[in-house]
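Structural overview
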Amino acid sequence: MNMTKSSDNYFEIERAGINTTYQDYGRKNLNHLGIPISGIMDKRNYILSNSLLKKDLNSSVIEFAYQGPLLKYHGEKIFIVITGDVQFKIVKMNKKIIIGKPYNVYLIENKDKIDIQSTNKSVYGYLSINEDIILDKFWGSVSVNTKAKIGPNNGQKLSVNQKIILSHKNNPVPLAKLNYVNSKIEYIRVIKSTNFDFFSEKSKKNFFNKEFKITKLLDRMGMRLEGNRLENIVNNNIKSEGLVKGVVQVPSDGNPIIMLADHGTIGGYPKIANVISADFDKVAQMTPGAYIKFKAVNLNDAEKLFKFYNIETNNLVNQIS
Amino acid sequence: MIKNILNLGDSSVYCDFGVEVNREINNNVIKYFKNLKEKKFDGITNITPSYNKLIVSFDLEVTTYSKVKKIIENLELEEKIEIEKKIIEIPICCENNFKIDYDRLEKILNIKFEKLLEIFFNDEYFCYMTGFIAGMPFLGDTNKKLRAKRLDTPRVKVPKGSVGLTEQFCNIYTYESPGGWNIIGNTPIKIFNKAEENNPLLINPGDKVKFKRITQDEYDKIK
């Protein structure tokens, strides 16, 4: 990674941020080996980041959480966009400071700095670049799974003084923009799962009527909740079986855990519910300390809501000007 | 063979082969897994076999639960898609710092650790499934005298290579990870090799495993 040629375009990482990784859609059909799909946590913001730069939708991006990286650019001019509810600034070579707006394409020149300060009341944001990030793929994907140490950069998050090497295609892109505000999250919709009836009547009611607090134990692997212990009246352990993204497991302490992108592929705790696909982005953006409320929908509704989610995303892509 | 088919959320099919864990049921799970995998149906994003369940996940942009359910119900199981069975020898050292839970096991199973190892190394094990973390094999069945519960509070870090016991199963931690199994020893060999993209696993479902006891010196040499 450090073998840059003088002609290369690259970012120098002056501050890495809290959890900055390379991502794309992830790797499929490897669950049986113990390798989850991984990939971006917020699909819509990922799609928008690549769409704003007219890139292939599966192009590699830089995903950051809470505080993002501070990057110094070296090379010929490039274009970048940041998506998510993100506060950032661009410090030009002549010290001029541009307060960044997400969903707006910016020109970046030699020695400019991009300072991604924070995500607002959300977790993840994305940085996409019109040039390709030069990375090795693992099982067809650049997605970094830090727990399994799979992916480029030795499967690790980015760290200070590393370099991010870019291609040299020099394709200019228009300074496109989109007016988009990430909506406030009121509830997370779920389908009752295979072990829903393991829980007491009171706990089943509480699951939908009460709020759960999101604890600090939150990462790309999962989200632990607390506040209303769910009482299992059948069996605290099931024979270990497959897990998928969105499963809400309840271990014997009664506190639910939501499986996210880098989840373990097999688990032995009862499954009370599954987050619907249309709400994956929302749940991923919820922050520690926030409260989550679940709402039950059936399969038919979930399928319709996913179609609606896709239509909304496409409409946003079409509104890019 | 499949007792019940349910939806797991909106983008997975949950195939229930029963509640028991035995090789016959597991063979059926693996048969479905291999056939579905071989036939590469459109939109399927993961097929996850376990002891007695099979979860088939799909891309909701491409297909739906009812369509994938039909595929599974109408699947013709081709016998020629056989499970490749290998016997794999895995060396383990059960000395010094590797036998993390030996005193706990001695207490809860009321057996001397030496005796426990004698029984453990005498048996051959069947790989029911792999997963949780990349490449971890779930092997069974262990002798009835060796069946202990998980730790009450899982360890935050179990060392790479650790061999653990829980209930009728043993496993191998392919890399450092959280875990709650009772650790009896450690293998110096690589069970999961990410450099081998086409065949990263040393032990696959259906394989048999024979453990071989080695000394610390032998362990250091292999490592």
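Counting restarts for each chain: residues are numbered from 1 in the order of the written sequence. Think of it this way: whatever chain is written first is A, whatever ligand is written first is 1, and the rest follow in order. Only residues with pLDDT of at least 70 get local features here, since the model is predicted, and only at 80 or more are side-chain atom pairs given and counted; chain-wide, interface and lining totals rely on the full set of residues. Excluding hydrogens and water, the side-chain figures rest on all heavy atoms present in the structure.

Here's the deal with the pattern of salt bridges
All names here are of chain A. Any Lys or Arg side-chain nitrogen found within 4 Å of a carboxyl oxygen on Asp or Glu counts as a salt bridge. Inspection of the entire model under this criterion finds 23 salt bridges over all chains. A salt bridge links R220 to E63, with the nearest nitrogen and oxygen atoms 2.7 Å apart. Placement of R220 in the loop between β13 (212-218) and β14 (222-226) and of E63 in strand β3 (residues 61-65) is noted, with a sequence separation of 157 residues between them. Considered together, R220 and E63 belong to a single accessibility category, that of buried residues. D219 is the salt-bridge partner of K147, the closest N and O atoms lying 2.6 Å from each other. Remark: D219 occurs in the loop between β13 and β14 and K147 occurs in the loop between β10 (124-129) and β11 (163-166); sequence separation between them is 72 residues. Residue burial is assigned from relative accessible area. The probe radius is 1.4 Å, only protein chains are included, and a residue is buried under 20% of its type maximum, exposed over 50%, and partly exposed in between. You can call D219 partly exposed: its relative accessible area is 27%. A run of H or I in DSSP becomes a helix once it reaches four residues, and a run of E becomes a strand once it reaches two; helices and strands are each numbered from the N terminus.

With respect to the confidence of the model for chain B
On a scale of 0 to 100, pLDDT captures the predictor's confidence in every residue. Summarising the model, chain B shows a mean pLDDT of 93, and 98% of its residues fall at 70 or more. Quick note on the complex model: pTM equals 0.93, ipTM equals 0.94.

What about the pairing of strand β3 (residues 44-49) of chain B?
Residues and elements named next belong to chain B. In terms of burial, β3 is a largely internal element, six of the six residues being buried. Note: β3 against strand β4 (residues 53-58), five bridges, orientation antiparallel. Across the sheet, I47 pairs through a bridge with V56, a residue of β4. At least two bridges found by DSSP between two strands are what make those strands a pair. Counting the residues in the hairpin turn of β3 and β4 gives three residues.

Digging into the packing of aromatic side chains
All names here are of chain B. Two rings from Phe, Tyr or Trp (for Trp, the six-membered ring) form a pair when their centres sit within 6.5 Å of each other. Planes less than 30 degrees apart are called stacked, planes more than 60 degrees apart edge-to-face, and all others tilted. Per the counting criterion, the structure on display carries 25 aromatic pairs over all chains. Relative to F138, the ring of Y51 lies with its centre 6.3 Å away and its plane at 85°, an arrangement referred to as edge-to-face. You can see Y51 sitting in the loop between β3 and β4 and its partner F138 sitting in strand β7 (residues 137-140), a full 87 residues away along the chain. We note that Y51, like F138, is buried. Measuring from ring centre to ring centre gives 5.1 Å for F126 and Y128, while their planes differ by 85°; the resulting arrangement is edge-to-face. No difference in accessibility class separates F126 from Y128, as the two residues are buried. Through a chain of ring-to-ring contacts, the aromatic side chains of Y51, F126, Y128, F138, F169 and W181 assemble into a single cluster. Between the NZ or CZ atom of K99 and the centre of the ring of Y102, over which it lies, the distance is 4.4 Å. We count a charge as sitting over a ring when the NZ of a lysine or the CZ of an arginine lies within 6 Å of the ring centre and within 35 degrees of the ring normal.

Thoughts on the interface of chain B and chain A
At the interface, 46 residues of chain B touch 39 residues of chain A. What gets called buried area is simply the loss in accessible area from a 1.4 Å probe that two parts show on being joined, summed for both. Counting the surface lost from both chain B and chain A, the interface buries some 3500 Å², and carbon and sulfur atoms represent 57% of this. At the surface where chain B touches chain A, the tally comes to two salt bridges. For E167(B), the salt bridge identified is with K239(A), shortest N-O distance 3.9 Å. Polar contact is defined as a pair of N or O atoms within 3.5 Å, subject to the rule that within protein one atom must be able to donate a hydrogen and the other to accept it, and that residues adjacent in sequence are counted only when both atoms are side-chain atoms. Counting the contacts that link chain B with chain A gives 16 residue pairs in polar contact (both at pLDDT 80 or more). Between two residues, a contact is recorded if the distance between any of their heavy atoms is within 4.5 Å.

Considerations on the sheet that holds β3(A)
All names here are of chain A. Ordered by their spatial adjacency, five strands build an open sheet running β2-β3-β10-β5-β8, and the pairing between neighbours is antiparallel. Every other strand in the sheet has two partners, leaving β2 (21-23) and β8 (106-108) as the edge strands with one partner each. For this sheet, the mean inter-axis angle between neighbouring strands, taken without regard to orientation, is 35°. Of the pairings in the sheet, the one linking strand β5 (residues 78-83) to β8 comprises three bridges and is antiparallel in character. Bridge pairing in β8 links F79 to L107. Contacts from helix α1 (residues 43-52) reach β2, β3, β5 and β10 within the one sheet, and its direction differs from that of β5 by about 155°. Axis geometry follows a simple rule: fit a line to the C-alpha atoms, using only the stretch in contact for helices, then measure angles between N-to-C directions, giving values from 0 to 180 degrees.

Description of the sheet that holds strand β1 (residues 4-7) of chain B
All names here are of chain B. Strand order in the open sheet made by the four strands is β1-β2-β4-β3, with antiparallel pairing throughout. Strands at the two margins of the open sheet, each flanked by one partner only, are β1 and β3. Taking the axes of each pair of neighbouring strands and ignoring which way they run, one obtains an average angle of 15° across the sheet. Lying over the sheet, helix α1 (residues 23-39) contacts β3 and β4, oriented at roughly 20° with respect to β4.

Observations regarding the domain arrangement of chain A
Residues and elements named next belong to chain A. In this document the domain limits rely on a domain assignment from an automatic tool or a database. Once the domains are mapped, chain A shows domain 1 (6-165) and domain 2 (188-318). Using C-alpha coordinates to define each centre, domain 1 is positioned 28 Å away from domain 2. Contacts between domain 1 and domain 2 engage 29 residues on the former and 24 residues on the latter. Carbon and sulfur atoms make up 52% of the surface buried where domain 1 meets domain 2, a total of about 2000 Å² over both sides. Put simply, domain 1 and domain 2 have three salt bridges between them. Seen at the junction of domain 1 and domain 2, the total is 15 residue pairs in polar contact (both at pLDDT 80 or more). Among the elements that take part in the side of domain 1 that touches domain 2, α1 stands out by supplying six residues, more than any other.

Some remarks on the domain arrangement of chain B
All names here are of chain B. Segmenting chain B into domains produces domain 1 (4-73) and domain 2 (87-222). Each of domain 1 and domain 2 was reduced to a C-alpha centroid, and the two centroids are 28 Å apart. Taken together, the contact pairs eight residues of domain 1 with eleven residues of domain 2. Buried area between domain 1 and domain 2, both sides added, is near 880 Å², and the carbon and sulfur share of it is 64%. For domain 1, the biggest contributors to the area lost against domain 2 are V21, R23 and Y51; these three give 60% of the whole. Run the count over domain 1 and domain 2 and you get zero salt bridges. Put simply, domain 1 and domain 2 have one residue pair in polar contact (both at pLDDT 80 or more) between them. Considering every element that reaches the side of domain 1 that touches domain 2, the biggest residue donor is α1, with three residues.

Details of the state of the cysteines
All names here are of chain B. Note on disulfides: each one is a pair of cysteine sulfur atoms within 2.5 Å. Under the defined criterion, the tally for this structure stands at zero disulfides over all chains. The thiol sulfur of C94 is not disulfide-bonded, and the nearest other cysteine sulfur, from C93, lies at 6.6 Å. On the basis of relative accessible area, C94 is assigned to the buried category, the value being 4%. Free of any disulfide, C170 has its nearest cysteine sulfur in C127, 9.9 Å distant.

Comments concerning the nonpolar core
Ranked by internal contacts, the top residues of the largest apolar core, which has 36 residues, are F207(A), M223(A), I258(A), I272(A), I292(A) and F294(A). For this core, the two domains that each supply at least three residues are domain 1 (6-165) and domain 2 (188-318) of chain A. If we ignore the near neighbours within four places in the chain, the residues touching I292(A) are I188(A), K210(A), E211(A), F212(A), I214(A), M223(A), L225(A), I258(A), V283(A) and M286(A). Buried residues of nine kinds, namely Ala, Val, Leu, Ile, Met, Phe, Trp, Tyr and Cys, make up a nonpolar core once their side-chain atoms join them within 4.5 Å. Membership of the second largest hydrophobic core comes to 28 residues, among which are A278(A), L36(B), F58(B) and Y65(B).

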